[in-house]
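So the chains spell out like this:
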Amino acid sequence: MSNIPEDLKYVKSHEWVKIEGDVATIGITDFAQSELGDVVYVDLPEVGRVLQAGDIFGSVESVKTVSDVYAPVAGTVVEVNAALGAQSELINSDPYGAGFMLKLKVADASAADSLLDAAAYAAEIS
Amino acid sequence: MSNTLGFRTKRMPEPRLIFEQSNKGRIGCNVPVADTPEVNLAAILGETRSDLNLPEIGELELLRHFTRLSHINYGIETGFYPLGSCTMKYNPKINEKTAGLPGFANLHPMQPVATIPGALEILVGVQDMLKEITGFDEITLQPLAGAHGEMTCLMLIKAYFESRGEGKQRHVVLVPDSAHGTNPASAARCGYDVKPIPTTEEGNTDMEALAAALDGSVAALMLTNPSTLGLFEPNIEKICEMVHAAGGQVFCDGANMNAMVGTTRPGDHGFDCMHLNLHKTFSTPHGGGGPGCGAIGLKSHLEPFLPGPVIRHEGETVIADSDRPQSIGRVSGFYGQFLMEVRAYTYLRAYGKQKMADISRFSVLNANYVRARLKEVLPPAHDRPCMHECILTAEKYKKENGIRALDISKRLIDYGFHPPTNYFPLIVPECFMIEPTETETKETLDEFCDALIEICREAVETPDLLHDAPSTQIVGRLDETLAVKNLNVRWLPTSV
Amino acid sequence: MPYIPHTESDVSEMLATIGASSIDELFREIPEKLRVKPGALNLPDALDEPRLMAHLWSISKKNVNMADVTCFLGAGIYDRYIPASVGAVISRGEFLTAYTPYQPEASQGYLQAIYEFQTMVAELYGMDLANASMYDGATSMAEAAIMSTSIKHREKVTISEAVHPHYRQVLATYCWSMGIEIETLPAVSGGLTDLSANSEGTSCIIIQYPNFFGGIEDLAAAREAADKAGALLVVVADPVACALLKPPGAFGADIVVGEGQPMGVAMGLGGPVVGLFTCKKEFIRQIPGRIVGRTKEAHGDKPGYVMTLRTREQDIRREKATSNICTNEALMALAATVYMIALGKNGMRKVATSTVQNTQYAIQKLTEAGATLHYSSKVFGEFVLSLPKDPAVVRDALLKRGILAGLPLGEFYPELADSILVAVTELRTKEEIETYASALKEVLA
């Protein structure tokens, strides 16, 4: 079974988001990483890029697939997870922690409220 | 269990890299030494290089190296190679002999056109025969491979719309979800936006979705017929009419032409242009992944835009015409894959009028036979007669035994067969795309089907045999993740 | 038909298994009116094998082939010696009749050969890495240009006028279809590229080495010009010349491409030949085409080879792929691999050195015969001669004497209407060069 932490919000395209203050941390879910298999490369945006909710901000590659990743909420990129450059496998081993992808500064801290909660996402992937 | 892969014994050494066999002072060829006066290289060239790290190998060792490598490589002449969508048919030996004639092999592409009437005769001969076989008005042999042919067709379409002042407006190319990846990639190469069109459960183009997608922005529909599901599109005429009514063009992906040779002509179906893979349908050797050879056919309204030079009849002679103001220009360096055209010409003349249809008839017979023999263990994705290839699914072994199509394929290698195409088309889960071609005997097909039936039994009873397969080859399954993460794409003295 | 092995009893047994009464029935999904009766197409009659061979032989005899004349024609395709071992290797059925190594366990032979090919091509060009090959030199260069536009996010490329005219025509076609602008740098007046233009906003500067006129371009200056424009330096290089010249990689070129035909591939009217493609390591994810990588077994320690970085390619990334290219030119790459090994370090140097030596002798003899050397730049194996008579007339007159004198340049460069491009490879002898010179003298008289 996939790990779906209760304290995060989700979108159907399998990204998770956690908003603390005006910063949203974003990554892909445990389900998404297990479907992909070993992640070998992560393409991330430049710091400072402005994203709208639903924008493609990068991609995650395994040996034989590549998936675009979408911003669940709007904001400005303030940090990307540089560790993924050398250790893309962090997405497999710790998708909700060391394997996060980026942080956005959000204008609207309630932007994630309308997204899927853990139960709704679990229903989505079952 | 048979292993048809060359002569190997347990005591035979592992193949080492050629660089590890190098020994200072050896040479593998008696190179010519100039008899002209010696010169001072530095004075003539300026700075020259001091290092050149290429191997030094004697001629016998060189040949043994490649003979060993050939023993760990599988070709059509090694055994059955039912790789779907690739048409791995026998490549007749006489084709190699004719292509090797000095009057073909020793031609320089920049020599005066007046000195190559025989070459032009071959090119125009292939064009004329392909016109008749496909039903198109014109053929060009300029593209160097299938994907290159697709791209050239889209360029013709683009030039056509630009000439009508519709270039900007028509920026969308429709591509079915079952299409080869080269289709959307070729469209993108021509600056088009790609929109997918779904396939129905029966395996046909979704007519409603197509109707909804057709508007003034559509430049073309790229359709593979027979489809990548191995099925003939029964609505093909209607589809072409609909696209034409919306002002668009229809391109036929000719990857599956083998099902149609001598039996039906895509030009008659309503297509405006198509590409052919002479290395599939017309038997030029695949060479381990190229040279491909990509002719294209087109209707006369696209003719002004043909890439140059255009080889055509003029009165009694054949000319190479480069003076064409509306041409899209060159798509390749010279005359296309000329020596492959010699092979295709040889092949076409061997079949001729009398036997040409046998190509499609026996390829379709073989595919339906494999489909019928395997239907109990690997059900067909669609309950319809297939054309030259059949699409089967191994979904139940994944669900019930944790065995994937890939595992079955790898086990086939242990039985001495090259696996079929897996996981394509993308819309059929755990699929096998099996294309036997017309050149295989019933005995070979039976051995292959018996092996697959046995492997499907193993999948249920001894699944580990499949997980660990292949076990008969020089290497077991390779770590592709490591290959990407720890990229090693050239040898360095320290890298091994 | 020997290629279709079915006996009558095979057909009836197979139809019985299928549950069909005839082969025709299997085609029932094709609307009746779209079907042609077998044998109804208007095609020439089938030929048996001896007649087929005789027919092709008689067509081949209508051409003037390079074994019948002495070839001083180059312009991108060269009459070089092909070692006998090349044909022996590439005609082996295991290589000739294989396809792309999708199943690496059953394709280690080819994969290892391509890994060796990549290694040696990268070495010749002095670059970090090479791919598994491209269609030909011209399309390889067009791909390099497009790759530069996607790396630099700029819709313009800059190319020297001294790059092969056919290559520039192919580039023009590719760029037109993608909406990319082309800027051309002048070169005709001095024979070397004039790099003084301000190429700001361009994604790359493309230069040939040696260039179409045979001249050895100043790659250090080209590197500087590219840096000034913030652009990549793309070099189209002759691999044989690079056995002797300082390689483009040593000047900091970003992408180096070229035509591999001079290394063991028949001229064959220009096809099939083989495109070479190399680049700096940092651009590996943007590279078009296939790449072979070394790895090891998933459950063992034996080394092995696979196609790698596959997610760049069309079958996975579809419209977002780095290129639409699918097949490479594997068989011709194998020929080049055998060539590079057969000649090796010393043989390739000898071929390049003999080329330079013969070329210098030809320059001396042909200018003594009444032609003028058009440019004063350093050359490797090719040069431009101005003639006091129409070059096409001279060429045709010499052809009657068994000499293919070179390429009249007026068709490509109106300013060079009085000139001819002459190539001299290692195969030309002192006697052949002297025969050319004396024949030229007579024709010009």
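Residues numbered from 1 in each chain as written. Chains lettered and ligands numbered in written order. Predicted model: local features only at pLDDT ≥ 70, side-chain atom pairs only at ≥ 80, totals over all residues.

**Let's talk about the overall build of chain C**
For step 1, the next point in the chain: Helix and strand content of chain C: 13 helices and 15 strands.
For step 2, the next point in the chain: Taking the principal axes of its C-alpha atoms as reference, chain C extends roughly 80 × 50 × 50 Å.
For step 3, the next point in the chain: Taking all 445 residues of chain C together, 65% fall into the buried category.
For step 4, the next point in the chain: Pairs at least 24 residues apart make up 72% of the contacts formed inside chain C by residues separated by at least 6 positions. (Helix = DSSP H or I, 4+ residues; strand = E, 2+ residues; numbered from the N terminus. Buried ≥ 20, exposed ≤ 12 C-beta atoms within 10 Å, placed from the backbone. Contact = placed C-beta atoms within 7 Å.)

**Describing the overall build of chain B**
For step 1, the next point in the chain: The helix and strand inventory of chain B stands at 16 helices and twelve strands.
For step 2, the next point in the chain: When its C-alpha atoms are laid out on the principal axes, chain B stretches across 70 × 70 × 50 Å.
For step 3, the next point in the chain: Classification of the 496 residues of chain B by burial places 61% in the buried group.
For step 4, the next point in the chain: For chain B, restricting intrachain contacts to residue pairs at least 6 apart in sequence, the fraction spanning at least 24 positions comes to 72%.

**Things to note about the nonpolar core**
For step 1, the next point in the chain: If you look at the biggest cluster of nonpolar residues, it comprises 361 residues, and the most contacted ones within it are Leu154(B), Leu156(B), Ile205(C), Ile206(C) and Val422(C).
For step 2, the next point in the chain: If we skip the residues at most four places from it in the chain, Ile206(C) touches Met141(C), Ala145(C), Val157(C), Thr158(C), Ile159(C), Ser160(C), Val163(C), Val234(C) and Val236(C). (Core = buried A, V, L, I, M, F, W, Y, C linked by C-beta atoms within 7 Å.)

**A closer look at the interface of chain C and chain B**
Often, the extent of an interface is quoted as the loss of accessible area on bringing the components together.
For step 1, the next point in the chain: Across the boundary between the two partners, chain C contributes 170 residues, which contact 167 residues of chain B.
For step 2, the next point in the chain: Ranked by residue count, the leading element in the side of chain C that touches chain B is helix H11 (residues 330–368) of chain C, at 24 residues.
For step 3, the next point in the chain: Among the residues making up the side of chain C that touches chain B, the classes are represented as 89 nonpolar, 51 polar and 30 charged. (Nonpolar A, V, L, I, M, F, W, Y, C, P; charged D, E, K, R; others polar.)

**Some words on the sheet that holds strand S5 (residues 204–209) of chain C**
All names here are of chain C.
For step 1, the next point in the chain: The strand order across the open sheet built from seven strands is S2-S8-S7-S6-S5-S3-S4, with neighbouring strands paired in mixed fashion. Because the sheet does not close on itself, it has two edges, and the strands there are strand S2 (129–130) and strand S4 (181–185).
For step 2, the next point in the chain: In terms of strand pairing, S5 meets strand S6 (residues 232–237) through six bridges, oriented parallel. Within S6, the residue paired with Ile 206 across the bridge is Val 234. (Pairing = 2+ DSSP bridges.)

**Points about the domain arrangement of chain B**
Residue and element names in this part refer to chain B.
For step 1, the next point in the chain: Structurally, chain B comprises domain 1 (95–350) and domain 2 (357–482).
For step 2, the next point in the chain: For domain 1 versus domain 2, the distance between C-alpha centres works out to 30 Å.
For step 3, the next point in the chain: At the junction of the two partners, domain 1 supplies 18 residues and domain 2 supplies 19 residues.
For step 4, the next point in the chain: Broken down by class, the residue content of the side of domain 1 that touches domain 2 amounts to seven nonpolar, nine polar and two charged. (Domains from an automatic or database assignment.)

**A word on helix H9 (residues 219–229) of chain C**
All names here are of chain C.
For step 1, the next point in the chain: Within H9, the full set of buried residues consists of Leu 219, Ala 222, Arg 223, Ala 225, Ala 226 and Ala 229. Relative to the axis of H9, the buried residues are bounded by an arc of 165° and lie together on one face.
For step 2, the next point in the chain: Tucked inside the fold, the buried residues of H9 contact S5 and S6.
For step 3, the next point in the chain: Trailing H9 by a residue or two, Gly 230 shows a phi angle of about 65°, which is positive. (Arc of directions from axis to C-beta.)

**Some details on the domain arrangement of chain C**
All names here are of chain C.
For step 1, the next point in the chain: Domain parsing of chain C yields domain 1 (70–81 + 344–444) and domain 2 (84–338).
For step 2, the next point in the chain: Taking the mean C-alpha position of each, domain 1 and domain 2 sit 28 Å from one another.
For step 3, the next point in the chain: Taken together, the 25 residues of domain 1 in the interface contact 22 residues of domain 2.
For step 4, the next point in the chain: Of all the elements in the fold, those that place two or more residues in the side of domain 1 that touches domain 2 are H11 and strand S12 (382–386).
For step 5, the next point in the chain: When residues of the side of domain 1 that touches domain 2 are assigned to their parent elements, the largest contribution, five residues, is made by H11.

**A word on the environment of Phe251(C)**
Residue and element names in this part refer to chain C.
For step 1, the next point in the chain: Locating Phe 251 in the fold gives a position in the loop between S6 and strand S7 (255–259).
For step 2, the next point in the chain: For the pair Phe 251 and Lys 365, spaced 114 residues apart in sequence, the C-alpha to C-alpha distance is 34 Å.
For step 3, the next point in the chain: Among all residues touching Phe 251, those that are not within four sequence positions of it are Leu 219, Ala 220 and Arg 223.

**Notes on the sheet that holds S12(C)**
Residue and element names in this part refer to chain C.
For step 1, the next point in the chain: Read from one edge to the other, the open sheet built from four strands follows the order S11-S12-S15-S14, with strand pairing classed as antiparallel. On the outer flanks of this sheet lie strand S11 (372–373) and strand S14 (407–408), each paired with one strand and no other.
For step 2, the next point in the chain: Sheet topology places S11 next to S12; two bridges connect them, and they run antiparallel. In the strand pairing of S12, Leu 373 is matched with Leu 385.

**Quick look at the pairing of strand S15 (residues 419–423) of chain C**
Residues and elements named next belong to chain C.
For step 1, the next point in the chain: Along S15, five of the five residues are buried, which leaves the element largely enclosed by surrounding structure.
For step 2, the next point in the chain: Neither face of S15 is open: one carries Ser 419, Leu 421 and Ala 423, the other Ile 420 and Val 422, and all of them are buried.
For step 3, the next point in the chain: Where S12 meets S15, five bridges bridge the pair, whose relative direction is antiparallel. Of the residues in S15, the one forming a bridge with Val 384 is Leu 421.
For step 4, the next point in the chain: With two bridges joining them, S14 and S15 adopt antiparallel strand pairing. Residue pairing across strands places Leu 407 opposite Leu 421, the latter belonging to S15.

**A few points about the packing of helix H11 (residues 338–374) of chain B against helix H1 (residues 8–18) of chain C**
Any two packed helices are characterised by how steeply their axes cross, that is the angle between the axes, and by the distance between the axes.
For step 1, the next point in the chain: It is at 8 Å that the axes of H11(B) and H1(C) come closest, and there the two elements cross at 50°. The orientation of H11(B) relative to H1(C) falls into the category oblique. Helix-helix and strand crossings are classified by hand; for H11(B) and H1(C) the assignment is left-handed. Only Val11(C), Met14(C), Thr17(C) and Ile18(C) of H1(C) make contact with H11(B), whose side of the interface consists of Leu365(B), Asn368(B), Tyr369(B), Ala372(B) and Arg373(B).
For step 2, the next point in the chain: A class-by-class count of the residues in the contact of H11(B) with H1(C) yields six nonpolar, two polar and one charged. (Axes fitted to C-alpha atoms, helices over the stretch in contact; angles between N-to-C directions. Parallel < 35°, antiparallel > 145°, perpendicular 65-115°, else oblique. Left-handed = near helix turned anticlockwise from the far one by under 90°.)

**Quick word on the packing of H11(C) against helix H13 (residues 430–444) of chain C**
All names here are of chain C.
For step 1, the next point in the chain: Interhelical geometry of H11 versus H13 gives an angle of 20° and a closest axis separation of 8 Å. Here H13 runs roughly parallel to H11, going by the angle between their axes. Handedness of the crossing formed by H11 with H13: right-handed. Along the contact surface, H11 presents Asn 358, Tyr 361, Ala 362, Lys 365, Leu 366 and Glu 368, while H13 presents Lys 430, Ile 433, Glu 434, Tyr 436, Ala 437 and Leu 440.
For step 2, the next point in the chain: Within the contact of H11 with H13, the residues separate by chemical class into seven nonpolar, one polar and four charged.

**What to know about unusual backbone geometry**
For step 1, the next point in the chain: Cis peptide bonds are those with omega within 30 degrees of zero, and the linkage from Gly308(B) to Pro309(B) qualifies with -10°.
For step 2, the next point in the chain: By the secondary structure assignment, Pro309(B) is in the loop between strand S7 (296–298) and strand S8 (310–314).
For step 3, the next point in the chain: For the bond from Tyr209(C) to Pro210(C), the omega torsion is -10°, close enough to zero to count as cis.
For step 4, the next point in the chain: Examined against the element boundaries, Pro210(C) turns out to sit in the loop between S5 and H9.
For step 5, the next point in the chain: The phi torsion at Leu309(C) lies on the positive side, around 50°, for a residue other than glycine.
For step 6, the next point in the chain: Positionally, Leu309(C) belongs in the loop between strand S10 (303–307) and helix H10 (314–317).
For step 7, the next point in the chain: Judged by local crowding, Leu309(C) falls into the buried class, with 23 C-beta atoms found within 10 Å.
For step 8, the next point in the chain: Backbone geometry places Arg318(C), a non-glycine residue, at a positive phi of 50°.
For step 9, the next point in the chain: Among the secondary structure elements, Arg318(C) is positioned in the loop between H10 and H11.

**A word on the confidence of the model for chain B**
One rule of thumb: low pLDDT means the predicted coordinates there are not for detailed reading.
For step 1, the next point in the chain: When pLDDT is averaged across chain B, the result is 94; 97% of the residues are at 70 or more.
For step 2, the next point in the chain: Across residues 1–5 of chain B, confidence stays below pLDDT 50; counting only partners more than four residues off in sequence or on other chains, it has 13 contacts. (pLDDT = per-residue confidence, 0-100.)

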